Amino acid sequence: MAQQEENIMKSGSVINVRKLAALDIVFHGPRLILAEFTLGTVLCAILGLWSFLSPIYSPFMIIIGSFFLWVALNYVLLLFAKSIVKRKSAHQEMAFELAHEATSARKYALQTNSLLLVPLVLPQLAMYQEVHHRSHQGL
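Because the structure is a prediction, the values reported are computed rather than measured.

Caption draft 1: Looking closely at the packing of aromatic side chains. Scanning all chains against the criterion turns up two aromatic pairs. Arranged with centres 5.8 Å apart and planes meeting at 65°, the rings of F67 and F68 form a pair that is edge-to-face.

Caption draft 2: Inspection of helix α4 (residues 59-74) at higher detail. Compared with an ideal rise of 1.5 Å per residue, which puts 16 residues at 22 Å, α4 spans 23 Å between its outermost C-alpha atoms and is within 8% of the ideal. Buried within α4 are the following residues: M61, G65, S66, V71, A72 and N74. In this structure, the buried residues of α4 make contact with α3 (30-53), α5 (77-87), α8 (101-117) and α9 (121-137).

Caption draft 3: Just unusual backbone geometry, in detail. The phi dihedral of K88 falls on the positive side, at around 55°, and the residue is not glycine. Inspection of the secondary structure assignment puts K88 in the loop between α5 and α6 (90-93). Judged by relative accessible area, which is 76%, K88 ranks as exposed.

Caption draft 4: How the structure looks around the pattern of salt bridges. Taken as a whole and judged by the stated rule, the model has three salt bridges. R18 is paired through a salt bridge with E93; the nearest N and O atoms lie 3.0 Å apart. In this pair, R18 sits in helix α2 (residues 17-28) while E93 sits in helix α6, placing the two residues 75 residues apart along the sequence. Exposure class is identical for R18 and E93. Each is buried. A salt bridge links E97 to K19, with the shortest nitrogen-to-oxygen separation between them at 3.1 Å. With E97 in helix α7 (residues 95-99) and K19 in helix α2, this pair connects stretches of sequence that are 78 residues apart. For E97, a relative accessible area of 10% puts it in the buried group. Assessed through its relative accessible area of 23%, K19 is described here as partly exposed.

The rules behind these values
Residues numbered from 1 in each chain as written. Predicted model: local features only at pLDDT ≥ 70, side-chain atom pairs only at ≥ 80, totals over all residues. Heavy atoms only, no water. Phe/Tyr/Trp six-rings, centres within 6.5 Å; stacked < 30°, edge-to-face > 60°. Helix = DSSP H or I, 4+ residues; strand = E, 2+ residues; numbered from the N terminus. Expected span 1.5 Å × (residues − 1). Buried < 20%, exposed > 50% of the residue type's maximum accessible area, 1.4 Å probe, protein only. Contact = heavy atoms within 4.5 Å. Salt bridge = Lys/Arg side-chain N within 4 Å of Asp/Glu carboxyl O.

Listed below in structure tokens is the structure:
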């Protein structure tokens with residue numbers, strides 16, 4: 001059993017961003033996740049833009065504004081969530097992960113917490129995975 005868990009953790013060693021959105025939808029429901037992702041994107045973008053346009057100009061405000069804009073970009077998950085909810089495919093996309101729930105939950109929890117803190121990693125990973133997926137579909 002330990003060997004099987006290790007193989008699951010190694011297979012696709014980096015989380016799939018689309019499956020991360022599907023995982024949230026499966027466990028928390030589509031309405032809550034769409035609301036969370038939309039609110040997170042909008043609020044972070046507003047705070048980021050406000051800090052740039054604020055009459056109080058300081059390097060600290062620029063850093064804070066950049067941070068909030070980067071976090072808003074991390075909510076690329078919203079695009080995936082909308083697609084998954086529209087197709088009603090959350091359970092289908094997460095079938096393997098739900099069958100191996102304990103191992104997958106550990107993998108996704110560890111990596112998600114790390115990736116969300118690093119600016120622009122999630123959008124870049126999402127673009128790479130989507131391009132890679134589409135190129136393999138065309139073969």
